[in-house]
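# Geometric and topological summary
Letter by letter, the chains look like this.
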Amino acid sequence: MPRCFSWAGHRLPILTCVPCTGDAAGRPCSPSSPSSHAAETSMSLRHRGDGSGSVAGRAARKFTLEQLSAATDGFSASNLLGQGGFGRVYRCHLRLDDDDDEAAAPTPVAVKQLCRGGAQGSREFVVECAMLMTLRHPNLVALVGYCAQAQERLLVYELLPRGSLDAHLFRPLPAQGNGDRPALEWNTRVKIAHGAARALRYLHEAVSPPVIYRDLKPSNILLADDFTAKLSDLGLARMGPSGDDTHVSTRVMGTLGYCAPDYALTGRLTVKSDVYSFGVVLLELITGRRAFDPDAGDERRLLDWARPYLGDVRKMYGRLADPALRGRFPRRALYQLAVVASLCLHDRPNLRPTMSDVTRAIDHVASQPWQTHHRAKSCQI
Ligand SMILES: Nc1ncnc2c1ncn2[C@@H]1O[C@H](COP(=O)(O)OP(=O)(O)OP(=O)(O)O)[C@@H](O)[C@H]1O
Ligand SMILES: [Mg+2]
């Protein structure tokens, strides 16, 4: 999926270094000093408190390249978890300072090796370190440490054993023992939506000034063993407006299919840009279709395909349902979730709900789980 993309005929520019503290002049940040950036970020960010997160400004461990290379068997393909636009991610185990018990198993982690020398990689590295060293929430992936040595930039995260939502939603594997990835059930989809909504609510409403995540998509939603969703990749995140300002102006970054049209056209970034992206992800969870699928002909843009159904959600919501759900979902809850998605996707940003509203609505949807005795009724669709 391309990161920089054309929108309405405009080729969007490659990202240059824009400090995360909002210096619009684009003063370059130092790629080798995530700690000082984190200190700066944590001084600027205050926690307003939703009870489940904090702004902590803490040191992350510094690893050497030799340590990470040894742990990943020289960054061997056998340890590769995946590859994105900014680098490769490897699975390995590390013994951390606070693993007191020598006999205990080392901690499983994911190591992201950013593409060498890329301006995007350097900026991503500093912003991501600063954000993750500063912000803490059960639905944000935790940063274990980093390595900045010569030209190499690596980030070490907690390992999320189930990988990304993208794999579970769009690349299910038949149940065949280890590594199976059966199609996601309804209740799991709602749990994932709920976790992602809580993370965005924390970034938008519990932190001041708000943090705009800017890159919500299924490959950035990682899943714990129990399908708790955690947002990763805060490298594109920006601090939002403070005081009377309603938006920050920035170069347009994001991923095709998820970017709010108002932000793509004007570069005015608000928390409602994230709400729009959340609406797209919600629609993907409901339909099992990708936001943008170049191989799907006339149906390549999910929103074009879904528009007629969203236009008359009350009558048409049944047609939105992912066939992989095999009718196993509560009709009323699916209807309610489709309404939430269509509100998030409103063309006018100020008419989109806040993430608090969205979280409350998903709480309500989650209070009506799919249960086996619903089956006969739901399969009628
Ligand atoms: N902490 C982690 N735990 C487990 N798997 C991870 C972790 N971080 C990343 N991955 C895996 O590595 C893959 C690549 O991640 P990465 O963020 O580099 O790229 P992406 O999200 O696919 O694309 P993009 O560069 O556009 O964000 C993810 O899709 C996921 O499967
Ligand atoms: Mg990613």
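Numbering of residues begins from 1 in every chain and follows the order in which that chain's sequence is written. Each chain takes a letter, starting from A, and each ligand takes a number, starting from 1, following the order in which they are written. It should be noted that, the model being predicted, local features are given only for residues of pLDDT at least 70 and side-chain atom pairs only at 80 or more, the latter also being counted only at that level, while totals for whole chains, interfaces and linings use all residues.

### Topic: the overall build of the protein
- In terms of regular secondary structure, the protein is built from 12 helices and 18 strands.
- Buried residues are those with 20 or more other C-beta atoms within 10 Å of their own C-beta, exposed residues have 12 or fewer, and partly exposed residues lie in between; C-beta atoms are placed from the backbone. Relative to its 381 residues, the protein shows a buried fraction of 43%.
- Across the protein, every contact between residues at least 6 apart in sequence was considered, and the portion connecting residues at least 24 apart equals 67%. Every helix listed is a DSSP run of H or I at least four residues long, and every strand listed is a run of E at least two residues long, numbered separately from the N terminus. By definition, residue pairs are in contact when their C-beta atoms, positioned from the backbone, come within 7 Å.

### Side note on the site of ligand 1
- By convention here, the C-beta atom is placed from the backbone, and a residue is near a molecule or strand when that atom is within 6 Å of it. For ligand 1, the set of nearby residues contains 24 residues, the closest of which are Gly82, Gly84, Gly85, Ala110 and Ser219.
- Here the element with the most residues in the shell around ligand 1 is strand β6 (residues 80–84); it accounts for 4 residues.
- Charged means Asp, Glu, Lys or Arg here, nonpolar means Ala, Val, Leu, Ile, Met, Phe, Trp, Tyr, Cys or Pro, and polar covers whatever is left, Gly included. Its residues assigned to classes, the shell around ligand 1 shows 9 nonpolar, 11 polar and 4 charged.
- All domain edges in this entry derive from an automatic or database-based domain assignment. Mapping the shell around ligand 1 onto the domain boundaries places at least three of its residues in each of domain 1 (15–158) and domain 2 (165–366).

### Considering the sheet that holds strand β11 (residues 152–158)
- Should DSSP find at least two bridges between two strands, the strands are regarded as paired. If you walk across this open sheet you meet the 6 strands as β5-β10-β11-β8-β7-β6, and the pairing is mixed. With one partner strand each, in any of the chains shown, β5 (61–62) and β6 form the two edges of the open sheet.
- Alignment of strand β8 (residues 107–114) against β11, held across 5 bridges, turns out to be antiparallel. The residue of β11 that forms the bridge with lysine 112 is leucine 155.

### Here we look at the pairing of β8
- Burial analysis of β8 places 6 of its 8 residues in the buried class, which makes it a mostly covered element.
- Of the strand pairs in this sheet, strand β7 (residues 87–94) and β8 are connected by 8 bridges, and their pairing is antiparallel. By the bridge assignment, arginine 91 is partnered in β8 with alanine 110.

### Some thoughts on unusual backbone geometry
- Here the amide bond leading from serine 208 into proline 209 is cis, since omega sits at -5 degrees, within 30 degrees of zero.
- Looking at where proline 209 falls in the secondary structure, it is placed in the loop between β12 (207–208) and β13 (211–212).
- The phi angle at phenylalanine 227 is positive, at roughly 65 degrees, despite the residue not being glycine.
- Within the secondary structure, phenylalanine 227 is located in the loop between β14 (221–223) and β15 (229–231).
- Positive phi outside glycine occurs at arginine 326, with the angle close to 50 degrees.
- Structurally, arginine 326 is set in the loop between α9 (313–320) and α10 (331–344).
- In this structure arginine 326 comes out as partly exposed when scored by C-beta crowding, with 13 C-beta atoms within 10 Å.

### A few points about the environment of arginine 352
- Along the chain, arginine 352 turns up in the loop between α10 and α11 (355–366).
- For the pair formed by arginine 352 and tyrosine 276, sequence separation is 76 residues and the distance between their alpha carbons is 7.6 Å.
- The residues contacting arginine 352, other than those within four sequence positions of it, are Lys272, Val275, Tyr276, Leu343, Cys344 and His346.

### Quick notes on the confidence of the model for the protein
- What pLDDT expresses is the predictor's confidence in each residue, scored from 0 to 100. Mean pLDDT over the protein: 81, with 75% of residues reaching 70 or higher.
- Below pLDDT 50 for its whole length, residues 1–32 participates in 55 contacts with residues either more than four positions away or in separate chains.

### Concerning the environment of leucine 223
- With respect to the helices and strands, leucine 223 occurs in strand β14.
- With 22 C-beta atoms packed within 10 Å, leucine 223 lands in the buried category.

### Considerations on the packing of helix α5 (residues 186–206) against α11
- For helices, the fitted line uses only the C-alpha atoms of the stretch in contact; every axis is such a line through C-alpha atoms, and the angle between N-to-C directions lies from 0 to 180 degrees. Taken N-terminus to C-terminus, the directions of α5 and α11 make an angle of 160 degrees; their axes are 9 Å apart at the nearest point. One element, α5, and the other, α11, form an angle in the roughly antiparallel class. Along this stretch, α5 crosses α11, giving a crossing that reads as left-handed. Across the interface between the two elements, Val190, Ala193, His194, Ala197, Arg198, Leu200, Arg201, His204 and Glu205 of α5 pack against Met355, Ser356, Val358, Thr359, Ile362, Val365 and Ala366 of α11. Our angle categories are set so that under 35 degrees counts as roughly parallel, over 145 as roughly antiparallel, 65 to 115 as roughly perpendicular, and the remainder as oblique. Two helices that cross are described as forming a left-handed crossing if the nearer one is turned anticlockwise from the farther one by less than a right angle, and a right-handed crossing if clockwise.

### Details of the nonpolar core
- Within the largest apolar cluster, 100 residues are counted, with the highest numbers of intra-cluster contacts made by Ala196, Phe278, Leu282 and Ile286.
- Here this core spans two domains, and each of domain 1 (15–158) and domain 2 (165–366) adds at least three residues to it.
- Here leucine 282 is in contact with Ala193, Leu337, Val340, Ala341 and Cys344, once residues within four sequence places are set aside. Joining buried Ala, Val, Leu, Ile, Met, Phe, Trp, Tyr and Cys residues through C-beta atoms within 7 Å gives a set, and that set is a nonpolar core.

### Focus on helix α8 (residues 302–311)
- Of the residues making up α8, those classed as buried are Ala306, Tyr309 and Leu310. Axial view of α8: buried residues confined to an arc of 95 degrees, hence all on one face. Along α8, the residues that are exposed and aim more than 90 degrees away from the buried face are Asp304, Arg307, Pro308 and Gly311.
- Buried residues along α8 sit in contact with α7 (271–287), α9 and α10. Working note: the arc is built from the helix axis to C-beta atom directions.

### Details of the pairing of β11
- Buried residues dominate β11, accounting for 5 of its 7 residues.
- Sheet topology places strand β10 (residues 143–149) next to β11; 6 bridges connect them, and they run antiparallel. In the sheet register, glutamine 149 faces β11, and the bridge partner there is glutamate 152.
- Where β10 hands over to β11, the hairpin turn is made up of 2 residues, of which alanine 150 adopts a positive phi near 50 degrees.

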